[in-house]
Amino acid sequence: MGREGGALLDSRLIDDLRRVVGDRWVVCERDSVVDYLLDETPDVVRPQPSSDIVVVKPHSAEEVSEILKVANERRVPVYPVGGRTGLVGGSIPTEPGIIVSMERFKRIEIDEENLMATVGAGVTLGELIEAAERAGLFFPLHPGDEGAFVGGLVATNAGGARAVKYGVMRNYVKGVEVVVPTGEILRLGGRLLKNNTGYNLMHLIIGSEGTLGIITEVTLKLYPRMKHSVTLIAPFSSRRDAIRAVPKILRSGANPLAIEYVELEEILKSAEHLNERWPVEEGFSQLIIILTEVSEDSLYAQAEEIEHLCKESGSGDLVVAEAREEQDRVLRIRSNLYTTLKPDVCDILDIVVPPSMLAELIDIIEELGAEYGAKLPVYGHAGDGNLHAHIMKVNGHAPEYFEELKRKIYEATVKLGGAISGEHGIGETRIKDLKLALSSKEIELMREIKRAFDPNNILNPGKVVGRA
Ligand SMILES: Cc1cc2nc3c(=O)[nH]c(=O)nc-3n(C[C@H](O)[C@H](O)[C@H](O)COP(=O)(O)OP(=O)(O)OC[C@H]3O[C@@H](n4cnc5c(N)ncnc54)[C@H](O)[C@@H]3O)c2cc1C
């Protein structure tokens, strides 16, 4: 039943959609639609998708505009979908409606003079990284799944392993073409390095998780390719020793591209899962530090400084990966951690604190784990203060203490001056925890902004800010 009582996805609506994009790009067959209904959220917390869904595949902002006008007029929910690698149920259609898949937005234009790339929302992270390299440039950001789409990366303001030096997705975005729920096409920002013209709507769209508009094209900042890079792996006998080294490295003046925290048991499993070998088999915890520099001298001077700081903090001998393939292999195994753990995970928490608070946070996680008798594998972007603690299934199911333990970890994080999401977003699965981290006034203002962009609440309804 539709919001007005009639069949929501009736033949008239399907005909309208076919008129906009052509028959071939409207998918109603159940077997084809199911591929679009899920993302990578752990099954225990993943929302149930509606089965009453039509998938539409536009290839221009104008077509997206027409689709939204039809949907808005008929109050039909619309769900923007990218690579479906999300971890908070953001793209999952929780009500009958229209999935708009961005897979045909594949344009890539590299502007070498301005060090910018203008890309369609359907370009994958892997394709963007390759295109930048072909032009002798560099797109540093590396969230773990290269199948993510650029539109999705912007909609979630993704982070990832290599965010320490240049920041998260928001720091790269210089322009966005977006279609708002009432059908208008906005072109925000551009090939500009600074822009202070009124409220910055572009930065509202970044991280809005498909609730304020559908992103069709993005202009991103690129960097000159770094001539020299090296990856260091430092083993530590305890979580605390490893984590306490991080603020020291950040204060040292070395400017790492990444400081990743991993644990031996899980990283060995990830290597095995990829049929690869992990180069360091000692210590309980390890730091992976990636350095890039224009000169070899400054690169190795930084590496020596970091080795000294790690040793001073209790690490064993560091392993240095210099060859490009070796460094790529280390990043590949690191990025595969979630995929390896996923079948046994209830939820992957995405908590973030000021880097100086990481040691306290890790102690609290240890204490809570002991209190509940729960194994809580942790890894993450320590250089940003962002850790992923995993609450695991017990005998294949969510343990009784699951929600209580999660709430306690969130409360401790917020008490340390942190937030409940550093990079994955709120989506559907974190809405109920929003009030632990935000004041009622903040939530109210966010809902007002949602209403301003989407007066009929058709776009990804109920996600991020929930329902008023
Ligand atoms: C193995 C693995 C590792 C990961 N590592 C990281 C990591 O290190 N850092 C990190 O931040 N994330 C990570 N993620 C999560 C995920 O990759 C990111 O959230 C990514 O940004 C999602 O992009 P997507 O294209 O897959 O989006 P989807 O999952 O398709 O959608 C995500 C959200 O964005 C919205 N959306 C998608 N496209 C558009 C568009 N064009 N316009 C408007 N809204 C849109 C959707 O409605 C949804 O709310 C990882 C995921 C996996 C599976």
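Please read these numbers as outputs of a predicted model, since none were measured by experiment.

1. Examining the overall build of the protein
Looking only at helices and strands, one finds 15 helices and 19 strands in the protein. By the compact-globule yardstick of 23 Å for 468 residues, the protein fits well, its C-alpha radius of gyration being 23 Å. By principal-axis analysis of the C-alpha atoms, the protein measures approximately 70 × 55 × 45 Å. Burial analysis of the protein (468 residues in total) assigns 57% to the buried set. Working note: accessible area of the protein is about 19300 Å², and carbon and sulfur atoms make up 49% of it. Between the averaged position of the 54 positive side-chain charges in the protein and that of its 72 negative side-chain charges there is a distance of 4 Å.

2. A short note on the packing of helix 7 (residues 239-251) against helix 12 (residues 358-372)
For any two helices packed against each other, the geometry comes down to the angle between their axes and how far apart the axes lie. At a closest axis distance of 8 Å, the pairing of helix 7 and helix 12 adopts a crossing angle of 160°. On the basis of their axis angle, the class for helix 7 and helix 12 is roughly antiparallel. Our pair here, helix 7 against helix 12, has a crossing hand that is right-handed. Of helix 12, the residues touching helix 7 (which contributes Arg239, Arg240, Ile243, Arg244 and Val246) are Leu358, Ala359, Ile362, Asp363, Ile365 and Glu366. Across the contact of helix 7 with helix 12, the residue classes break down as six nonpolar, no polar and five charged.

3. Looking at the domain arrangement of the protein
Considered domain by domain, the protein is made up of domain 1 (11-104), domain 2 (108-224), domain 3 (228-335) and domain 4 (341-440). For domain 1 versus domain 3, the separation of C-alpha centres amounts to 41 Å.

4. A few points about the packing of aromatic side chains
Going through the model one piece at a time under the given rule, you end up with four aromatic pairs. For the ring pair Phe139 and Tyr172, a centre distance of 5.0 Å and an interplane angle of 55° mean the geometry is tilted. Here Phe139 is found in the loop between strand 7 (137-138) and helix 5 (150-155), whereas its partner Tyr172 is found in the loop between helix 5 and strand 8 (173-179), with 33 residues between them in sequence. By relative accessible area, Phe139 is classed as buried at 1%.

5. Things to note about the layout of surface pockets
Here the largest pocket defines a volume of roughly 930 Å³. The wall of the largest pocket is formed by 48 residues, among which Thr85, Gly86, Leu87, Ala148 and Thr156 lie closest to the centre. Taken together, the elements giving at least two residues each to the lining of the largest pocket come down to strand 3 (78-81), helix 5, strand 10 (214-221), helix 10 (324-335), helix 11 (337-341) and strand 18 (378-381). Of all the elements, helix 5 adds the most residues to the lining of the largest pocket, at four residues. Looking at the lining of the largest pocket residue by residue, the class counts come to 18 nonpolar, 21 polar and nine charged.

6. Overview of empty space enclosed by the protein
As enumerated under the stated definition, the model contains one cavity of 30 Å³ or more in all. In this structure, the largest cavity occupies an estimated 30 Å³ of space. Lining the largest cavity, in full, are Glu260, Ile288, Ile290, Val330, Leu331 and Arg334. Of all the secondary structure elements, the ones that give two or more residues to the lining of the largest cavity are strand 14 (285-293) and helix 10. By residue number, the principal contributor to the lining of the largest cavity is helix 10, which donates three residues. For the lining of the largest cavity, the residue count by class is four nonpolar, no polar and two charged.

7. Brief notes about the sheet that holds strand 9 (residues 185-189)
In space, the five strands of this open sheet follow the order 5-6-10-8-9, with antiparallel pairing throughout. Of all the strands in the sheet, just strand 5 (108-111) and strand 9 have a single pairing partner and so form its edges. Put simply, the sheet's adjacent strands are angled 10° from each other on average, direction ignored. In this sheet, strand 9 lies alongside strand 8 in antiparallel orientation, the contact comprising five bridges. Its bridge partner lying in strand 9, Val178 is registered against Leu186. Here helix 3 (residues 61-74) sits on the sheet in contact with strand 8, strand 9 and strand 10, set at roughly 45° to strand 8. Against the sheet, helix 4 (residues 125-134) contacts strand 5, strand 6 (116-120) and strand 10, and its axis sits at roughly 35° relative to strand 5.

Calculation criteria
Residues numbered from 1 in each chain as written. Predicted model: local features only at pLDDT ≥ 70, side-chain atom pairs only at ≥ 80, totals over all residues. Heavy atoms only, no water. Helix = DSSP H or I, 4+ residues; strand = E, 2+ residues; numbered from the N terminus. Rg over C-alpha atoms; globule rule 2.2 N^0.38 Å. Buried < 20%, exposed > 50% of the residue type's maximum accessible area, 1.4 Å probe, protein only. Areas by Shrake-Rupley, 256 points an atom, 1.4 Å probe, with all protein chains shown as cover. Lys, Arg positive; Asp, Glu negative; His and termini not counted. Charge placed at Lys NZ, Arg CZ, Asp CG, Glu CD. Axes fitted to C-alpha atoms, helices over the stretch in contact; angles between N-to-C directions. Parallel < 35°, antiparallel > 145°, perpendicular 65-115°, else oblique. Left-handed = near helix turned anticlockwise from the far one by under 90°. Contact = heavy atoms within 4.5 Å. Nonpolar A, V, L, I, M, F, W, Y, C, P; charged D, E, K, R; others polar. Domains from an automatic or database assignment. Phe/Tyr/Trp six-rings, centres within 6.5 Å; stacked < 30°, edge-to-face > 60°. 1 Å grid on protein atoms, 1.4 Å probe; cavity = no way out; pocket = protein on both sides within 12 Å on 5 of 7 lines; lining within 4 Å. Points joined across faces, edges and corners; volume = space filled by probe spheres on them. Pairing = 2+ DSSP bridges.

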